[in-house]
Amino acid sequence: SYDLSQPLSVSSALGQTATITCGGDNIGTKNVHWYQQRPGQAPVMVIYRDAKRPSGIPERFSGSNSGNTATLTISRAQAGDEGDYYCQVWDSNTVIFGGGTKLTV
Amino acid sequence: EVQLLESGGGSVQPGGSLTLSCVASGFTFGSYAMTWVRQAPGKGLEWVSGISGSGGSAHYADPVQGRFIISRDNSKDTVYLQMNSLRPEDMAIYYCAKGSSSVSRFGWFDSWGQGTLVTV
């Protein structure tokens, strides 16, 4: 089965850049989607198709995907960005989520 | 505005059954695949099942294959998850989510409900 690996936690100073990685075998050949889950809330999509932002998501959120690593970058991190972040791909007709990364700002 | 409202969660004994419902609004329901994702207490997201916009194609994660059945009623803008032979490891918050197209084996989940808790 296909595995996605994410760091358990990432911390960023207020106003700095937070980087969350998602590792997988040749993940660069897949479309990667990212979700934010604030404490006690449902997930919200923040990036789809590697680097596209849904309407309503700040430009501070960006994504990239190449080789064996996809990356979610949050510029000028704010306290409201704290929460868990999950990457997601499809493999063999199955949805795969990464284990999640807790972002602390 | 897309809205998804889950219901049907509750407490059930191991081996029991429960059916979850998710009522959608704000979009043309039959044009989009729908999916169920669960989250055990303190754990990450786990995909459970998905169904195409027409309802003609459904698929399941291995842990629930043969025990859970996903279905939809496009006349009622509702997707269901029938859960049988429930196990303690099925205990979780169950979220329904809207797919990005009518195809169930592709894409992302652009809207999520608030979830319903299932306790086994």
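Details of the structure are given in the entry above.
Residues numbered from 1 in each chain as written. Chains lettered and ligands numbered in written order. Predicted model: local features only at pLDDT ≥ 70, side-chain atom pairs only at ≥ 80, totals over all residues. Heavy atoms only, no water.

Asker: For this particular structure, what's the right way to read the pattern of salt bridges?
Answerer: Side-chain pairs of opposite charge can arise whenever the charged atoms involved come near each other. Tallying each qualifying case throughout the model produces 6 salt bridges over all chains. Between A:Asp91 and A:Lys30 there is a salt bridge; the shortest N-O distance is 3.0 Å. In this pair, A:Asp91 is assigned in strand E7 (residues 83–91) and A:Lys30 in the loop between strand E2 (18–23) and strand E3 (33–37), connecting sequence segments 61 residues apart. Each of the salt bridges in this network shares a partner with another, and the network as a whole consists of B:Arg38, B:Glu46, B:Arg67 and B:Asp90. (Salt bridge = Lys/Arg side-chain N within 4 Å of Asp/Glu carboxyl O. Helix = DSSP H or I, 4+ residues; strand = E, 2+ residues; numbered from the N terminus.)

Asker: Could you clarify how one ought to interpret the nonpolar core in this entry?
Answerer: One recurring pattern in soluble globular proteins: nonpolar side chains tend to sit buried together. Ranked by internal contacts, the top residues of the largest apolar core, which has 25 residues, are B:Met34, B:Trp36, B:Phe68, B:Val79, B:Leu81, B:Met83 and B:Tyr94. Within the residue set of this core, elements represented by two or more residues are strand E3 (18–25), strand E4 (34–39), strand E5 (45–51), strand E7 (68–73), strand E8 (78–83) and strand E9 (92–99) of chain B. When residues of this core are assigned to their parent elements, the largest contribution, 4 residues, is made by E3(B). With residues up to four places along the chain from it excluded, the contact list for B:Tyr94 reads B:Glu6, B:Leu20, B:Trp36, B:Val37, B:Arg38, B:Val48, B:Phe68, B:Leu81, B:Met83, B:Gly115, B:Thr116 and B:Val118. Ranked by size, the runner-up nonpolar core spans 21 residues in total, among them A:Val10, A:Ile57, A:Ala70 and A:Cys87. (Core = buried A, V, L, I, M, F, W, Y, C linked by side-chain atoms within 4.5 Å. Buried < 20%, exposed > 50% of the residue type's maximum accessible area, 1.4 Å probe, protein only. Contact = heavy atoms within 4.5 Å.)

Asker: What's the story with the interface of chain B and chain A in this structure? I'm lost.
Answerer: Interface size is commonly expressed as the accessible area that is lost once the parts come together. Taken together, the 19 residues of chain B in the interface contact 18 residues of chain A. Here chain B and chain A share an interface that buries about 1600 Å² over both sides, 66% of which is from carbon and sulfur atoms. Counting the surface chain B buries against chain A, the share from its top three residues, B:Leu45, B:Trp47 and B:Trp108, is 38%. Inspection of the region where chain B meets chain A yields 0 salt bridges. The interface formed by chain B and chain A holds 7 residue pairs in polar contact (both at pLDDT 80 or more) in total. Among the secondary structure elements, those contributing two or more residues to the side of chain B that touches chain A are E4, E5 and strand E10 (109–112) of chain B. Looking at side-chain class alone, the side of chain B that touches chain A contains 8 nonpolar, 7 polar and 4 charged residues. (Buried area = accessible area lost by both parts, 1.4 Å probe. Polar contact = N/O pair within 3.5 Å; in protein donor to acceptor, adjacent residues only side chain to side chain. Nonpolar A, V, L, I, M, F, W, Y, C, P; charged D, E, K, R; others polar.)

Fair warning: the whole summary comes from geometry, so function is off the table for now.
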